[in-house]
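Reading the structure
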Amino acid sequence: MNFTIRVAEKDDMPAVLNLINELAVFEKEPDAVEVTVNDLVNYGFSNNPSFHCFVAEYHTKIVGIALVYMRFSTWKGAVLHLEDLIVSQDMRGQGLGTLLLDEVVKYGNQLGVKRISWEVLDWNESAIAFYEKKGANVMRDWDVVQLDENAIKAYISKL
């Protein structure tokens, strides 16, 4: 199959959001997505963008994305965070995940980062196997910690 991997443009954001919603359904959180197309455009294409996005196209249809942003590690320095690597359900197994991850790794290398990091759900064994096959270290002894919007407000109210 002939795929094109390229940097996302503003006009791609509706398709990007569709894939984000598809991932939410796959991860059993169909109502969790709050981000909008306007959010994606505003945060991704401002003078100081919050993220960088690659898209995978097949016959001019966007069928995959990799969305990344910079972080800083107190131990390592500059880190590229892969927020999501999404391949449309009907396009999985065609090599798109590899092509998108290749682009992320090349981008991180160009930026001179010390690490590329991301999370994977512990029950997503196919993704874990994919990442491990690529040489990634899946750190099963670390837990993700978050404060959601309500928890932030509750925290602030106690200050």
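This one's a predicted model, so the numbers in the text were calculated from it and none came from an experiment.

As for the packing of helix 1 (residues 13-26) against helix 2 (residues 37-44)
Across the interface, helix 1 lies against helix 2 with an axial gap of 9 Å and an inter-helix angle of 115°. Between helix 1 and helix 2 the crossing geometry is right-handed. Across the interface between the two elements, Met-13, Pro-14, Val-16, Leu-17 and Ile-20 of helix 1 pack against Val-37, Leu-40 and Val-41 of helix 2. Taken together, the residues that form the contact of helix 1 with helix 2 break down as 8 nonpolar, no polar and no charged.

Topic: the pairing of strand 4 (residues 77-87)
Within strand 4, 8 of the 11 residues are buried, which leaves the element mostly enclosed by the surrounding structure. One ladder, built from 10 bridges, connects strand 3 (residues 61-73) with strand 4; its direction is antiparallel. For Ala-66, the partnering residue across the bridge sits in strand 4 and is Leu-85. In this antiparallel pair of consecutive strands, strand 3 and strand 4, the connection spans 3 residues. Relative to strand 5 (residues 115-117), strand 4 runs parallel, the two sharing 3 bridges. Among the inter-strand pairings, Val-79 is bridged to a residue of strand 5, identified as Arg-115. Read as a crossover between parallel neighbours, the route from strand 4 over helix 3 (residues 96-111) to strand 5 is right-handed.

Thresholds applied
- Residues numbered from 1 in each chain as written.
- Predicted model: local features only at pLDDT ≥ 70, side-chain atom pairs only at ≥ 80, totals over all residues.
- Heavy atoms only, no water.
- Axes fitted to C-alpha atoms, helices over the stretch in contact; angles between N-to-C directions.
- Helix = DSSP H or I, 4+ residues; strand = E, 2+ residues; numbered from the N terminus.
- Left-handed = near helix turned anticlockwise from the far one by under 90°.
- Contact = heavy atoms within 4.5 Å.
- Nonpolar A, V, L, I, M, F, W, Y, C, P; charged D, E, K, R; others polar.
- Buried < 20%, exposed > 50% of the residue type's maximum accessible area, 1.4 Å probe, protein only.
- Pairing = 2+ DSSP bridges.
- Right-handed = clockwise from strand over helix to strand, strands pointing away.

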